[in-house]
Structures are given as C-alpha cells and as structure tokens.
Amino acid sequence: MTELNKSRFLNNLFYLMLVFSLLGPSFGFEFHNFKLTFFRLFFLFLILVFLFKVIRNINDVDLWSVLNFQHLKIIYPYLLFFFFWLCYGLLGLCWVKSLSLGLRYLLYLFMMLVLTVSIVYFSFSKSKAFFLMKILFFTFTFIIFYGVFESITLIHLPASRFFYVVSASVTSVFTNQNDLATCATLGLPFIISSLYMLNISPSKKLFIYFVGVLTLYILIATGSRSNTILALPTIIITLLAVLPFTIAKEKFTRKNLTLAFFAVVFALLFVSFMSQVFLSENARKSAKSKFASIFGVLLDIQESSWDLEDEEVVEGKTGQSATVRKYLILNGLNFLKKSYYLGVGPGNIEAHMKDAPKVNKVNMHNWWVEVLVNFGVVVFSFYIYLYFLLLKKLFFLFKAKGISNFVRFGLSSSFVSLVGYFFGAIAPSTAIHFVPMWLVYGLALTFLILGSKEVGLQKLT
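Residues numbered from 1 in each chain as written. Predicted model: local features only at pLDDT ≥ 70, side-chain atom pairs only at ≥ 80, totals over all residues. Heavy atoms only, no water.

Some points on the overall build of the chain
Here comes step 1: Assigned secondary structure in the chain consists of 17 helices and two strands.
Here comes step 2: In terms of overall size, the chain behaves like a compact globule, its C-alpha atoms giving a radius of gyration of 23 Å where 461 residues would be expected to give roughly 23 Å.
Here comes step 3: Projected onto its principal axes, the C-alpha positions of the chain cover 65 × 60 × 45 Å.
Here comes step 4: Counting every position in the chain, which comprises 461 residues, the buried fraction comes to 54%.
Here comes step 5: Restricting to contacts in the chain with at least 6 residues of sequence separation, those with at least 24 account for 74%. (Helix = DSSP H or I, 4+ residues; strand = E, 2+ residues; numbered from the N terminus. Rg over C-alpha atoms; globule rule 2.2 N^0.38 Å. Buried < 20%, exposed > 50% of the residue type's maximum accessible area, 1.4 Å probe, protein only. Contact = heavy atoms within 4.5 Å.)

Printed below as a string of structure tokens:
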C-alpha cells in the first residue's frame, strides 16, 4: 500500500496550497462580502481528499503505515502541544467577550497549525524537502519582484491597505509594509546561506544573489524599523556566528573572503542606487525619517507615562506609533491579570482593546504578547519552551558531523531565521495568519527530522 504523503495528487494539492498561502488574499474569488482565496480553496480540498483516502483505507490493518506518521516521531512534543493549544483555545471560548472573534481566531490557528504540520508531513525525504525549498524560493522571488515593481509603479494588489489610494508604500502581496518586511527578514537567511552552502551552478547562485539584493532593497523601501534596525542586524550577527559550523575550514581562503567582501559592497551600493532612482521622494523621506527616529522612539517609550489613567492617545516626538505599541502591551498585560492569567480567550484582545485607554488600534502588534494575553501563562510557557528547545536542537544538529550539505543548510538557515524573528515578531499587527512565520516553523521541524535521521537521533530532548 502506498503511503498517503507519497500520493502525487495529494502532493500537488499541497504545493498549490503552499504557494497560495504565501500569495495571500489577492488571489481568489469574491462573493459579496466573502472572499474565497485560492489558499482556502486548496486547503479545504486537501483536507477533504486526505480524509477521503483515510476513510477508504480505514479497514486496512496497516493503516498507520499507510498514513506514514512514523517519520514524525521526533516532533511528537510539538504535535502534542499543537493539539493542547487548540483544546485550550476551545476551552477559552467559555469566558470570551466575543464568541465570533474567538471562533474566527481559532479557525486561523487551526489552519496555520495544519499548514505547519503538512510541511513536515509531505517533506519526508531530502528530495521532497529540496523540491519544497525550490517552490518556496520562486514564490518568495515573485513576492520580492512584485514589491520592486510596486515601488516603481505604485500599483498595489487588492490585499494591500493602499489599494484604493495613491501611496508610495510597498506591501507586495501583504496588507502592510511591516508584514512584507518581516517576510523578507525570514527569507534572507535561506537566501544568503544558499550562496555558500549549496552545491549549485554559478548562474543559479548569481540569480539567488540578485534576489537577495532586491530583498534588501525591499526592506529599505518598507521603512520597517523593527526589521531593518533590529531583526536584520540580529540575522547578520547570527549568520557570522554560525559561519565556522556551516563552512569547511578549507573554504576560508583569501579568494573566497575577497569575493564575499566585494559581493557585500556591491549589494550595498546597488541597494543605495535603487533607493535613489526607484523610490519616490516621499518614500525616501519617510524611510529616512523612520530610521533616523529610532532613538527618538526609545525616548518616547521611556518618557511617556507607565500608567493607564488617561484616555487620550499620547503623541510622542516621533508620532503615536511607539507610545501606542507601549500602551497596547500595558493594556494587554492588564487584561491578562484580570483573567487570572488564564488569558482573555482566543482572538479576544481586540474585543477588550476597543474600550482600552491610550490606544487607537485593537491588534496587539507583538506576537509574543498576543500569545500570552490570548491564551494565558500556561500555553505561553509551553510555546516559549518548545521554541527555545527547537533552537537548541537545530544548533546541535547543524554542528554535528555526518550531516549533508543541504540538510545543514536547512538547519542553520531555520535557526538564524527563528533567532531574527525574535524582533521581527513585534512588527506585524498579528501573526495568527501570517503565513511566512508558520512556514519557517514548519521548515525548522522538517529539517529537524531530516537531521535527526542522519545522525541517528531517536528522541527530542
């Protein structure tokens, strides 16, 4: 009997779902007030076909082998946590302020967890994982290329918050600039690492390098402070720190170091040139003012009051962004305390934040605090513990001997991407349906399994 994850039809459905999960709501059909995206369509189709095949084989004495869940053994702690997370979310509906918001949020959580697990399930071998990475690379390339096109033409996709207005803001397939910037920083470690870790032809490396340069340009064009000032330097420092474990000593030659130096210099010069030529004057001024105001942001956070007595939004020297984010967190922690640290329930931060003082937004704009306030201390503690455990295992494996180049590339890139996301996670308004984050999580678990097989690791410790 053929395992389900080896079914060509199911694999094709999975790849289509994956592509459109990244391309987002701009691609689909709209019926009145309901948007049926291609992602939702292929997601539902994949679930139904998978269940149909399971039911058809339900009487098979070797059903477990047909499902081919054995290769997921190493990540059982994560699968158990995902199940617990959903169950706790269902329990949290008992005390939510808005049941509709809670149900919608849980649906998003279910879809993203299934998406994450499906990446691991269908990438059970190096060849499958390599094909998956190629699909993700070309999808990421489309996102970056459209961002460049958008920065020149100011033509926004329907998903963009600027679709109906003339704006120099760059969002590509996402709703806002921060989402695009976070996607860029999540993808950069894979782009950069592939240039010196994968055995691919010079022409392919040149194209990947070109995509990487354009990704840096897009980061500048978005003007995202958290990604450009915090996440990007963290990624670069981490990449340099893991370099001795990801490159053989014999490759540290003067020729290779000189080539790397000129590649970096050219990238910086080319990004600067593109920013001057292609970005509008307003876009350049906006980006410069944001980057120049980083210390002002810190001062606004420090100097503004730490109490929630006043009702009005505080206007700092750099505007409202920094102070509003600060009071979103303070209000959120206040909601958490009032919920006896059980959490306000899935998606119900928005319901509570509508009447909160000193804020004019309802999304938390911080993924870590969003998980904490929505689901409470217990779920958040497990989430953080498993996140650090994943980083620990990735670090242990990409240093180990006997790991193939491709798997070591996936392990180290996932590690660097997740480290950078510590800061990238404070940029999107919410990450519950921010697909790039869940994809990287899925890739990290995938390469954890592949790496564990290569070194003979039997359990996650």
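There's plenty left to go through after this.
Remarks on helix H8 (residues 202-222)
Here comes step 1: Relative to the 30 Å expected for 21 residues at 1.5 Å per residue, H8 spans 30 Å between its end C-alpha atoms, a close match to the ideal helical length.
Here comes step 2: By the burial criterion, the buried members of H8 are Ile208, Tyr209, Val211, Gly212, Val213, Leu214, Thr215, Tyr217, Ile218, Leu219, Ala221 and Thr222. (Expected span 1.5 Å × (residues − 1).)

A few points about helix H10 (residues 254-278)
Here comes step 1: Taking 1.5 Å as the rise per residue, H10 with 25 residues should run 36 Å; its terminal C-alpha atoms sit 35 Å apart, in good agreement.
Here comes step 2: The complete set of buried residues in H10 reads Ala267, Val271, Met274 and Ser275.

Observations regarding the nonpolar core
Here comes step 1: Residues Trp85, Trp367 and Tyr421 are the most contacted members of the largest nonpolar core, which totals 118 residues.
Here comes step 2: When near neighbours in sequence (up to four residues on either side) are disregarded, Tyr421 contacts Thr182, Leu186, Trp367, Trp368, Tyr387, Ala431, Phe434 and Met437.
Here comes step 3: Counting 13 residues, the second largest nonpolar core, distinct from the first, contains Leu328, Ile349, Met364 and Val369. (Core = buried A, V, L, I, M, F, W, Y, C linked by side-chain atoms within 4.5 Å.)

Concerning a nonpolar patch on the surface
Here comes step 1: A contiguous nonpolar surface patch, about 400 Å² in accessible area, is contributed by Phe29, Phe31, Phe34 and Leu41.
Here comes step 2: Note on placement: Leu41 falls in helix H2 (residues 38-56).
Here comes step 3: Residue Leu41 is classed as partly exposed on the basis of its relative accessible area of 35%. (Patch = residues over 30% accessible without salt bridge, like charges linked within 9 Å, V, L, I, M, F, W, Y side chains within 5 Å. Areas by Shrake-Rupley, 256 points an atom, 1.4 Å probe, with all protein chains shown as cover. Salt bridge = Lys/Arg side-chain N within 4 Å of Asp/Glu carboxyl O.)

What to know about unusual backbone geometry
Here comes step 1: One non-glycine residue with positive phi stands out, namely Tyr341, at about 65 degrees.
Here comes step 2: Topologically, Tyr341 is positioned in the loop between helix H13 (321-338) and helix H14 (349-353).
Here comes step 3: Residue Tyr341 is classed as partly exposed on the basis of its relative accessible area of 43%.
Here comes step 4: In the Ramachandran plot, His365 falls in the positive-phi region, its phi being about 60 degrees despite a non-glycine side chain.
Here comes step 5: His365 gets classed as buried once you look at its relative accessible area, which sits at 13%.

Regarding the packing of helix H16 (residues 405-424) against helix H17 (residues 435-455)
Here comes step 1: For the pair H16 and H17, interaxial distance at closest approach is 9 Å and the crossing angle is 140 degrees. The way H16 lies across H17 gives a crossing that is left-handed. Here H16 contributes Phe406, Val407, Gly410, Leu411, Ser414, Ser417, Leu418 and Tyr421 to the contact with H17, which in turn contributes Met437, Val440, Leu443, Ala444, Phe447, Leu448, Leu450, Gly451 and Glu454. (Axes fitted to C-alpha atoms, helices over the stretch in contact; angles between N-to-C directions. Left-handed = near helix turned anticlockwise from the far one by under 90°.)

Describing the pattern of salt bridges
Here comes step 1: The full count for this structure, using the stated rule, is three salt bridges.
Here comes step 2: Lys126 is paired through a salt bridge with Glu454; the nearest N and O atoms lie 3.5 Å apart. Highlighted residues: Lys126 in helix H6 (residues 126-153) and Glu454 in helix H17, separated in sequence by 328 residues.

Focus: the packing of H8 against helix H9 (residues 225-246)
Here comes step 1: Remark: H8 packs on H9, axes separated minimally by 9 Å, with the N-to-C direction vectors making an angle of 135 degrees. The angle between H8 and H9 places the two elements in the oblique class. Side by side, H8 and H9 meet where Leu216, Leu219 and Ile220 of the first sit next to Asn227, Thr228 and Leu232 of the second.
Here comes step 2: A class-by-class count of the residues in the contact of H8 with H9 yields four nonpolar, two polar and no charged. (Parallel < 35°, antiparallel > 145°, perpendicular 65-115°, else oblique. Nonpolar A, V, L, I, M, F, W, Y, C, P; charged D, E, K, R; others polar.)

As for the state of the cysteines
Here comes step 1: The tally for this structure, following the rule as stated, stands at zero disulfides.
Here comes step 2: Here Cys87 stays free of any disulfide, with the sulfur of Cys94 as its closest cysteine sulfur at 12 Å. (Disulfide = S-S within 2.5 Å.)

Overview of the packing of aromatic side chains
Here comes step 1: Counted under the stated rule, the structure contains 52 aromatic pairs.
Here comes step 2: Measuring from centroid to centroid gives 6.0 Å for Tyr105 and Phe375, while their planes differ by 45 degrees, and the two rings are tilted. Of this pair, Tyr105 sits in helix H5 (residues 99-122) while Phe375 sits in helix H15 (residues 367-399); the two residues are 270 residues apart in sequence, bridging distant segments of the chain.
Here comes step 3: Judged by relative accessible area, which is 1%, Phe375 ranks as buried.
Here comes step 4: Their ring planes at 45 degrees and their centres at 5.9 Å tell us that Phe174 and Phe434 sit as a pair that is tilted. With Phe174 in the loop between H6 and helix H7 (177-197) and Phe434 in the loop between H16 and H17, this pair connects stretches of sequence that are 260 residues apart.
Here comes step 5: In this structure Phe174 comes out as buried when scored by relative accessible area, which is 9%.
Here comes step 6: According to the relative accessible area criterion, Phe434 is buried, its value standing at 3%.
Here comes step 7: The ring of Phe245 has Lys399 sitting right over it, with the charged end atom 5.4 Å from the ring centre. (Phe/Tyr/Trp six-rings, centres within 6.5 Å; stacked < 30°, edge-to-face > 60°. Lys NZ or Arg CZ within 6 Å of the ring centre and 35° of its normal.)

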